[in-house]
Amino acid sequence: MGRFFLVLVLAVVVLVLLIVKFGVHPVISLFIGGMIAGMGFGYGLKGTITTYTAGFGSTLGGIGCTIIFGSIIAQGIRDTGSVKSLVNFFTRLSKGKNMELSTGLSSYIMSIPVFGDITEVLMAPLASLISKRANKSMSTMAGYTMLGCSLTHSMVPPTPGILAVALLLGADLGIVITMGIIITVIAFFLTWLLTRNWVAKEYIPPRSDYVIGVEKMKGNDYHELLVVEDRLPGILAAASPILVPVILIAASSFANMNLAKDNIVRQILNAIGERNIALFIGVIITFILGATYKDKVLKNRKQYKGEQAGIFKTMAFSWVNEGLEVALLPLIITAMGGGLSAIIKAYPNIKELGNLIANVHFPAALVPVLIGTIMMVSVGSRTTAGMTAAAICAPIMTIMGLSPVATTILIGSGTMIGSHVSDSGFWIGTSLFNLNTKQGLKYITLLQAICGIFCILLSLSFLKIGLF
């Protein structure tokens, strides 16, 4: 195992230095890290390339359609105004109190099928609008909006990163989704209750270009906080492209656990609950939503894109084209991470690591957490961190007494800690939410680390009582 540790540490150090110190793109950095690991493990050049490309291809096949469909859904949610409907729903639910929850929970829902960076872009103008109207500091609005999208990005499939981890480990997606939602919702509210007074102590204004012509509330009527536009979709319609696929995937898993193989309901749910089919159903619902609210879609396209195409071309071409542009980077980075993972998994004596952990009596449940956290702090990508952790844990989790579901959830919890200057999402968040670097470290990095600790404690507690 000495060789394994030495080579793995060298590959990770090179990966981190390339991304953080020299600013090399993660795609190239992951490939170089994989080549170093493969050659160091003794695979030879041809064996290394073969193993790496096999991992790349299998990962791409597993998550490719899911990422693409999720990105298309994001375009439709933007143009139909559905994200504004979500914010309005939570505003009404809270009667205008604790407005950071309106964008935080909307962001949480949005990031279930959509990459977290995309959610930040969609939510920042709305968080800024509420900040101005309700006189809320962006430390508060940014902190919980970013927290919401980071939680589901880390722990709730079919978000691409944690989906790739679950597939690599062979975890049941329905159970991962269900337990991920339970843990993250509890952790979100615990974090909010613990930190809400602290984050509000410093006033940070919203970006001026997001609030041109926006005035503060003149009274206490929370209706002034609502985003007022003609024909915004109702909340069920607005949320359906996101929630229907998640419900179908979860329902399929629970049908497999509770119904006989020849049961017709199980067979139907297995067909429509397959992750790619479920997400494509979400795309179809998005198209139906776009056709229903075509006047709003076409108005938004003309205003923001200068486009005057018909509704069919807008949905069938523009949304798909823009979705593909958005999906390309996370798609390739996730697949490259799959290549590195394949290199690590293929090491012939890696199972000895599980025996070593068992022999020294180190708590097995902490292994996925620590690897996920260390990699997240190092490379700043939840996808890369999660997949590297999964590659190390996959061959040894049975020896450590951990199920695929438990390992997936523990890794996801670990990656909640460590978003900082090496994370692209950190810089997108600070820019869009008008935070400087120091403020970003306080209200993004620290807040997410606190929530990550809650996620870890909840995951360990649920594991202890046998929920997964």
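Residues numbered from 1 in each chain as written. Predicted model: local features only at pLDDT ≥ 70, side-chain atom pairs only at ≥ 80, totals over all residues. Heavy atoms only, no water.

Comments concerning the packing of aromatic side chains
Item 1. Tallied over the full model, the rule gives 14 aromatic pairs.
Item 2. Measuring from ring centre to ring centre gives 5.8 Å for phenylalanine 4 and phenylalanine 5, while their planes differ by 70°; the resulting arrangement is edge-to-face.
Item 3. Residue phenylalanine 5 is classed as partly exposed on the basis of its relative accessible area, which comes to 33%.
Item 4. Pairing phenylalanine 41 with tyrosine 43 gives two aromatic rings, centres 5.8 Å apart and planes at 55°, and the pair type is tilted. One exposure class covers both phenylalanine 41 and tyrosine 43, and it is buried.
Item 5. Members of the aromatic cluster, connected to one another through ring pairs, are Phe4, Phe5, Phe41, Tyr43 and Tyr347.
Item 6. In this arrangement the basic side chain of arginine 196 is found over the ring face of tryptophan 192, its NZ or CZ atom lying 4.5 Å from the centre.
Item 7. Its end group placed over the ring of tyrosine 210, arginine 207 keeps NZ or CZ at 4.5 Å from the ring centre. (Phe/Tyr/Trp six-rings, centres within 6.5 Å; stacked < 30°, edge-to-face > 60°. Buried < 20%, exposed > 50% of the residue type's maximum accessible area, 1.4 Å probe, protein only. Lys NZ or Arg CZ within 6 Å of the ring centre and 35° of its normal.)

Topic: the pattern of salt bridges
Item 1. In total, this model carries ten salt bridges according to the counting rule given.
Item 2. A salt bridge links lysine 136 to glutamate 100, with the shortest nitrogen-to-oxygen separation between them at 3.0 Å. Of this pair, lysine 136 sits in the loop between helix H6 (116-134) and helix H7 (138-155) while glutamate 100 sits in helix H5 (residues 100-110); the two residues are 36 residues apart in sequence, bridging distant segments of the chain.
Item 3. You can call glutamate 100 buried: its relative accessible area is 2%.
Item 4. Salt-bridge contacts for aspartate 209 lead to arginine 207; the nearest nitrogen and oxygen are separated by 2.6 Å.
Item 5. By relative accessible area, aspartate 209 is classed as partly exposed at 42%.
Item 6. Through salt bridges that share partners, Arg78, Asp79, Arg301 and Glu322 make up one connected network. (Salt bridge = Lys/Arg side-chain N within 4 Å of Asp/Glu carboxyl O. Helix = DSSP H or I, 4+ residues; strand = E, 2+ residues; numbered from the N terminus.)

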